[in-house]
Amino acid sequence: MRRLRASILILPSAALIFLFIVLPYVNVLVMSFRAPADGQPYGEGFSLQGYVQFFSESYYALSLPQSLLLGALTTALCLILAYPVALHIATASKRWRGILYGIVLSPLLVGIVVRSYGWTILLGNSGVINSTLREMGLITRPLPLMYNNFGVVLALAHVFLPFMVLPLLSSLQAMDPAVQQAARSLGAGRLTIFRRITLPISMPGIQSGCILVFVLAISSYVTPALVGGMRVKTTTLLVVDALIDQFQWPFGSAMALTLAVSAGIVVLVFARLTRIKWS
Amino acid sequence: MRIATPLLTLFRVLVYGFLLAPIVIVVLASLNAGNFLTFPPQGLSLRWFWTFLQNDVFINAIVYSAVLATAATSVSLVLGTMAALYFVRHAGREAEAVRIGILLPLILPEILTAIALLFFFYEIGIGTSYKIALFTGHVLMTLPFVFLNVTTALQGRDDSIELAARTLGASRYTAFRRITLPLISPGLATGGVFAFIISFDTFGISFILKGTGSAPLPIQLYDYLRFNFTPEAAAVSTVSILLTLLLVTAADLLFGRD
């Protein structure tokens, strides 16, 4: 009876998730195998045509490696940028920790559209960086900072950096400073301490941070759209185009699912590789 | 090793600068007196804020986003708190499944969730009309943030106080309202502020499910940015940043730090 009454607490949320997450996702899976039709979102019966179209036309097929490349580069850049910062915050004094934490979280408080827009002001052909360099006489033609992988990766890394710092931070904070002191008193150099103690301890944080950033990056829409100016064709951009502008639901669903499955494989391979190497 | 330390410090300062740069630049750009986003700015002025204030499209979008965020946050606060109470106090073996289930909207790619919802609402014959799909999407996106914050608040509390109130004759409801609720109010406040900001800023869900007619601020801003390059967008963005800061500061002053 007590448990029955308690279950009323979870019922609304469970119903919400089941109705509006589980069922719709199953529906997308089914949709990807439906037959296409002219003039309406999908036709009668089932077919593999959505998948065939995606892999047979290079315009669409090439977006997949492009998406995965963007995701991998963004993840790598985030890790390189986030690690020293997380280490710094984990060992900072209490007062500084609050301030630095605030700086790391600040991008989350500003909308993703505004942040991507900020990057277009910085990286544009007549943007802050190019104008400044031209004023200084260092360049005559603007550097191609935007509308390419470079700009998109930079902006994506900024957008998702907090999602790398936070998991790293929580794994690093579990570190006992005494272990490092013990290693040092036993004659270990700083590099050895980092390689043998800090890095293995932070491995779970590296793993979850990388997976999170990778998945977020390959499925992001606004940043590649604004900073890439539709010239960096990711699968996510093409999915939205197929669904919203062309009204091809089976094709769009097939693309979205192919991207999701590819991302899943990359994540599994990554998890396997990091486990074998470190523990 | 001696050389490495200053280099590492410089690297860290650069990363902190990298984090703040686009936000600072947007605010600076909004003060540009010129007609385009040029650097260095052609003098300082508040004229773009004035232009923005007279632009019904953006004002309506801000109001629309605020109303939507308030409604979604209210529902999420109730559902999320109930779920958190269940998770912390009553869940047995299914606890992990409950946690993952409620965090699903956060874990799954937002744009894919939006598309899935769009299909689903079309299949059941509602489509994007009456803003039901949009509202549902916003509740889904904000629910995990309330759940996470209230769960943390509940886990840090002592159950025995509510138990004592119950032994002294308080009803289950009174004990919850007079004891538990005040104790977890900082968690509720943080969760609510987070939920509001997420709803106010979220793009994918709003972009796919907005339907016809008025649209939330991020969508209106995105549409504007695709064809316009005036500093007005920067002024709108700055106002949106200021609103967020105001909200966070107010919540911090009212409920203090945890």
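The notes below deal with the structure included here.

1. Points about the overall build of chain B
Moving on, step 1. Along chain B, the regular secondary structure elements total 11 helices and zero strands.
Moving on, step 2. Projected onto its principal axes, the C-alpha positions of chain B cover 70 × 65 × 35 Å.
Moving on, step 3. At a minimum sequence separation of 6, the contacts of chain B that also span at least 24 residues come to 74%.

2. Observations regarding helix H8 (residues 172-201) of chain B
Moving on, step 1. Between its first and last C-alpha, H8 of chain B extends only 38 Å over 30 residues, short of the 44 Å set by a 1.5 Å rise per residue.
Moving on, step 2. The largest bend in H8 of chain B amounts to roughly 55° and is located at Ser185 of chain B, with the proline Pro186 of chain B lying one to four residues further along.

3. A look at the nonpolar core
Moving on, step 1. Counting 149 residues, the largest nonpolar core has Ala82, Phe160, Val165 and Met255 of chain A together with Ile115 of chain B as its most contacted members.
Moving on, step 2. Per element, the largest residue contribution to this core is 15 residues, and it comes from helix H8 (residues 149-173) of chain A.
Moving on, step 3. Those residues within four positions of Met255 of chain A in sequence are excluded, and the remaining contacts are Phe54, Tyr60, Thr235, Leu238, Val239 and Ala242 of chain A.

4. Overview of unusual backbone geometry
Residue and element names in this part refer to chain A.
Moving on, step 1. Positioned with a positive phi, Met230 is a non-glycine residue whose angle comes to about 65°.
Moving on, step 2. Within the fold, Met230 resides in the loop between helix H11 (222-227) and helix H12 (235-245).
Moving on, step 3. A count of 12 C-beta atoms within 10 Å places Met230 in the exposed class.
Moving on, step 4. Backbone geometry at Phe247 places phi at a positive 60°, although glycine is not the residue there.
Moving on, step 5. By the element assignment, Phe247 lies in the loop between H12 and helix H13 (249-278).

5. Describing the packing of helix H4 (residues 63-91) of chain A against H12 of chain A
All names here are of chain A.
Moving on, step 1. In the contact formed by H4 and H12, the axes pass within 8 Å of each other and the chain directions differ by 130°. Of the possible angle classes, the one that applies to H4 and H12 is oblique. Together, Ser63, Leu64 and Ser67 of H4 and Thr235, Thr236 and Leu238 of H12 make up the contact between the two elements.
Moving on, step 2. Residue composition of the contact of H4 with H12, by class: two nonpolar, four polar and no charged.

6. A word on the environment of Tyr221 of chain A
Moving on, step 1. As for its placement among the helices and strands, Tyr221 of chain A is situated in the loop between helix H10 (190-218) and H11.
Moving on, step 2. Measuring from C-alpha to C-alpha, the distance between Tyr221 of chain A and Thr235 of chain A comes to 9.6 Å, with 14 residues separating the pair along the chain.
Moving on, step 3. Leaving out residues up to four positions away in the same chain, Tyr221 of chain A has contacts with Thr236, Leu237 and Val240 of chain A together with Ile111, Phe203 and Gly204 of chain B.

7. Let's talk about the environment of Cys78 of chain A
Residue and element names in this part refer to chain A.
Moving on, step 1. Structurally, Cys78 can be placed in helix H4.
Moving on, step 2. On the neighbour-count criterion, Cys78 (29 C-beta atoms within 10 Å) is buried.
Moving on, step 3. In this structure the C-alpha to C-alpha distance between Cys78 and Leu161, which are 83 residues apart in sequence, comes to 5.6 Å.
Moving on, step 4. The residues touching Cys78, leaving out its near neighbours within four places in the chain, are Ala157, Phe160, Leu161, Met164 and Val213.

The rules behind these values
Residues numbered from 1 in each chain as written. Chains lettered and ligands numbered in written order. Predicted model: local features only at pLDDT ≥ 70, side-chain atom pairs only at ≥ 80, totals over all residues. Helix = DSSP H or I, 4+ residues; strand = E, 2+ residues; numbered from the N terminus. Contact = placed C-beta atoms within 7 Å. Expected span 1.5 Å × (residues − 1). Bend = angle between axes of the 7 residues up to and from the residue. Core = buried A, V, L, I, M, F, W, Y, C linked by C-beta atoms within 7 Å. Buried ≥ 20, exposed ≤ 12 C-beta atoms within 10 Å, placed from the backbone. Axes fitted to C-alpha atoms, helices over the stretch in contact; angles between N-to-C directions. Parallel < 35°, antiparallel > 145°, perpendicular 65-115°, else oblique. Nonpolar A, V, L, I, M, F, W, Y, C, P; charged D, E, K, R; others polar.

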